[in-house]
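One letter stands for each residue in the lines below.
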Amino acid sequence: MTATDPASASPTATEPPTDTPSGSPTAAAWTATGVRGAAPTAATPGAEPGQPEAGAGRPPQPGLGSPTGTGTTGPGSPTGPGNGGGTAPATGTPVTVGGADLDTPRMKDIAQQLVSSAENSSLDWRAQYRYIEDIHDGRGYTGGIIGFTSGTSDMLQLVKRYQTLKPGNVLAPYIPALEKVNGSDSHAGLDPSFVGDWRKAAQDPAFQQAQNDGRDRVYFNPAVAQAKADGLHALGQFVYYDAIVMHGPGSDRLSFGGIRAAALGKAKPPSGGGDETAYLNAFLDARRAAMKADPSHQDTSRVDTVQRVFLKAGNLTLATPLRWTIYGDSYSITG
C-alpha cells in the first residue's frame, strides 16, 4: 500500500499554512511553557507542572495512514525554517558542516515524514492536524502533528495560541477545562465534545498554523540549533529532533538534556573534535536507555530500525532515497 503524498495531501480542501518563522508576528505570542512532560503523577488539578521529565510519544496509530506496505513520496512542499527558541538556547557555536541542514524546506518535510511514520504509521504528516485520542499513557488526550497532550501543558498552550490567532474559535471555550486538567489524565470539562471540536478546528488554517508554531518554538528549532552547535549533519539534527519530540526538552536523565549529557560523557561531538558517528552512536545508546526506563516508551524501533540504520549506512546527510522499517511496516522517501 502506498501512503498519501504529503506534498499534495491536506486534511482540508484549504491549502495548509506554510510554517512561520518563530520571530514573526504570527508566532511571537507562542509561549515556551508548552512542553512535553512526563506522565502526571499525583498532580493537583489545575496546578502548573514544573520542568517535565519525559515526553509523550504516542505509538503508531492504525487507520490514520498506511498501517502496512511501503509509503513512498516525492519532494515535499516548502515549509520555512524558523529561528531558535522555545527552550534554553543551544550551547556552543554553530559549526558549518556539509549537506543541507534540517531547517531547509525539503529536509524539514523529510523530518516530519520520518516522525509521522513512527507516530502515525503514515508519511502524510499534514493529515495529523486532526488526530486526537487518549492513548492511556497517563497524559490525557494526545493530538496534532507533534502529539500535544492535555496533561502536560503543551495542548493548553496550543489552544491559547489558537485563541490569539483567531479569537472566539471552536476550542476557546475549553481553555478553562484544559487549565484544570493540566498535570493529570482527566477529561473533566472536555468530554463529550472536545474530540469532535478538535477535528473541526483542524480544518482551520489558523489552527494548523498554531500547531506549526508550537512544534517549531518548543521542539524543532531548539533541537536543530543545538545539533548545529554540536557540529552535526542533518541526520544528527533529526536524531536530536526526534528525541526532543518524544522525551521533552528538560534536563533530567529521561529528557533530551539528560540524554545529551549522557552521550557527552561517552563521546565528544564534532564541535569538540570528536567523531560524528561515534558520538551519534553514544547518543542513540543513551536515548535507548532512557526509553527503556520509561514504561510508555518500551518499543525502541524508531532508534533501532530507523536512525541506527541510517547511521550504519553512513548517511549523515539524510540523502535520499531513504528506506526504513518501523513497527514491521516499510517506508521510503525518494527524489
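Coordinates for the structure precede this section.
Residues numbered from 1 in each chain as written. Predicted model: local features only at pLDDT ≥ 70, side-chain atom pairs only at ≥ 80, totals over all residues. Heavy atoms only, no water.

A. The arrangement of the overall build of the protein in detail. Each helix and strand counted, the protein has nine helices and six strands in total. Residues counted as buried form 55% of the 335 residues belonging to the protein. Element-wise, carbon and sulfur atoms account for 55% of the exposed surface of the protein, whose accessible area totals about 12,000 Å². (Helix = DSSP H or I, 4+ residues; strand = E, 2+ residues; numbered from the N terminus. Buried < 20%, exposed > 50% of the residue type's maximum accessible area, 1.4 Å probe, protein only. Areas by Shrake-Rupley, 256 points an atom, 1.4 Å probe, with all protein chains shown as cover.)

B. Geometry of the sheet that holds strand 3 (residues 141-143). Overall, antiparallel pairing links the three strands, which are arranged 2-3-4 in an open sheet. The open sheet has two edge strands with one neighbour each: strand 2 (132-134) and strand 4 (148-149). Sheet topology note: the strand 2/strand 3 ladder contains three bridges and is antiparallel. Paired with Asp 134 across the bridge in strand 3 is Tyr 141. Set on the sheet, helix 4 (residues 194-201) makes contact with strand 2 and strand 3; between it and strand 2 the angle comes to about 155 degrees. (Pairing = 2+ DSSP bridges. Contact = heavy atoms within 4.5 Å. Axes fitted to C-alpha atoms, helices over the stretch in contact; angles between N-to-C directions.)

C. Examining the pattern of salt bridges more closely. All told, the structure shown has 18 salt bridges when counted by the stated rule. A salt bridge links Arg 302 to Glu 119, with the shortest nitrogen-to-oxygen separation between them at 3.3 Å. Of this pair, Arg 302 sits in helix 9 (residues 301-312) while Glu 119 sits in helix 1 (residues 105-120), placing them 183 residues apart in sequence. In this pair, the class of Arg 302 matches that of Glu 119, namely buried. A salt bridge links Arg 308 to Asp 285; the nearest nitrogen and oxygen atoms lie 2.9 Å apart. With Arg 308 in helix 9 and Asp 285 in helix 8 (residues 276-292), this residue pair connects regions lying 23 residues apart in the sequence. (Salt bridge = Lys/Arg side-chain N within 4 Å of Asp/Glu carboxyl O.)

D. Inspection of the packing of aromatic side chains at higher detail. On inspection of all chains with the given rule, the structure shows twelve aromatic pairs. Residues Phe 194 and Trp 198 carry aromatic rings whose centres are separated by 6.0 Å and whose planes lie at 65 degrees to one another, so their mutual orientation is edge-to-face. You can see Phe 194 and its partner Trp 198 sitting in helix 4, four residues apart, about one turn around the helix. Summarising the burial analysis for this pair, Phe 194 and Trp 198 share the class buried. Following the ring pairs from residue to residue traces out a cluster consisting of Tyr 141, Tyr 162, Tyr 174, Phe 194, Trp 198 and Phe 207. Its end group placed over the ring of Phe 220, Lys 108 keeps NZ or CZ at 4.8 Å from the ring centre. (Phe/Tyr/Trp six-rings, centres within 6.5 Å; stacked < 30°, edge-to-face > 60°. Lys NZ or Arg CZ within 6 Å of the ring centre and 35° of its normal.)

E. Representation of the side chain of Lys 108. Mapped onto the secondary structure, Lys 108 falls in helix 1. Within the structure, the side chain of Lys 108 is placed 3.0 Å from the side chain of Asp 216, a separation counted as a polar contact. (Polar contact = N/O pair within 3.5 Å; in protein donor to acceptor, adjacent residues only side chain to side chain.)

F. Representation of the packing of helix 6 (residues 234-247) against helix 9 in the model. Closest axis-to-axis distance for the helix 6/helix 9 pair is 10 Å, and the angle between their directions is 165 degrees. On the basis of the axis angle, helix 6 is roughly antiparallel to helix 9. Considering how the two elements wind past one another, helix 6 and helix 9 form a crossing that is left-handed. Each of Leu 235, Phe 238, Val 239, Asp 242 and Met 246 in helix 6 lies in contact with helix 9, whose residues at this interface are Arg 302, Gln 307, Phe 310 and Leu 311. Along the lines of polarity and charge, the residues of the contact of helix 6 with helix 9 split into six nonpolar, one polar and two charged. (Parallel < 35°, antiparallel > 145°, perpendicular 65-115°, else oblique. Left-handed = near helix turned anticlockwise from the far one by under 90°. Nonpolar A, V, L, I, M, F, W, Y, C, P; charged D, E, K, R; others polar.)

G. Expanded view of the nonpolar core. With 76 residues, the main nonpolar core has Leu 102, Leu 171, Phe 194, Tyr 241, Phe 283, Leu 318 and Trp 324 as its most contacted residues. Not counting residues within four places of it along the chain, the set of residues in contact with Leu 318 comprises Leu 102, Met 107, Leu 114, Ala 234, Leu 235, Phe 238 and Phe 310. (Core = buried A, V, L, I, M, F, W, Y, C linked by side-chain atoms within 4.5 Å.)

H. Unusual backbone geometry, seen in detail. The amide bond that connects Asp 191 to the next residue, Pro 192, takes the cis arrangement and shows omega of 10 degrees. Here the phi dihedral of Ser 121 falls at roughly 55 degrees; this positive angle occurs in a residue that is not glycine. The residue Ser 121 is located in the loop between helix 1 and strand 2 in this model. The class for Ser 121 is buried, based on a relative accessible area of 5%.

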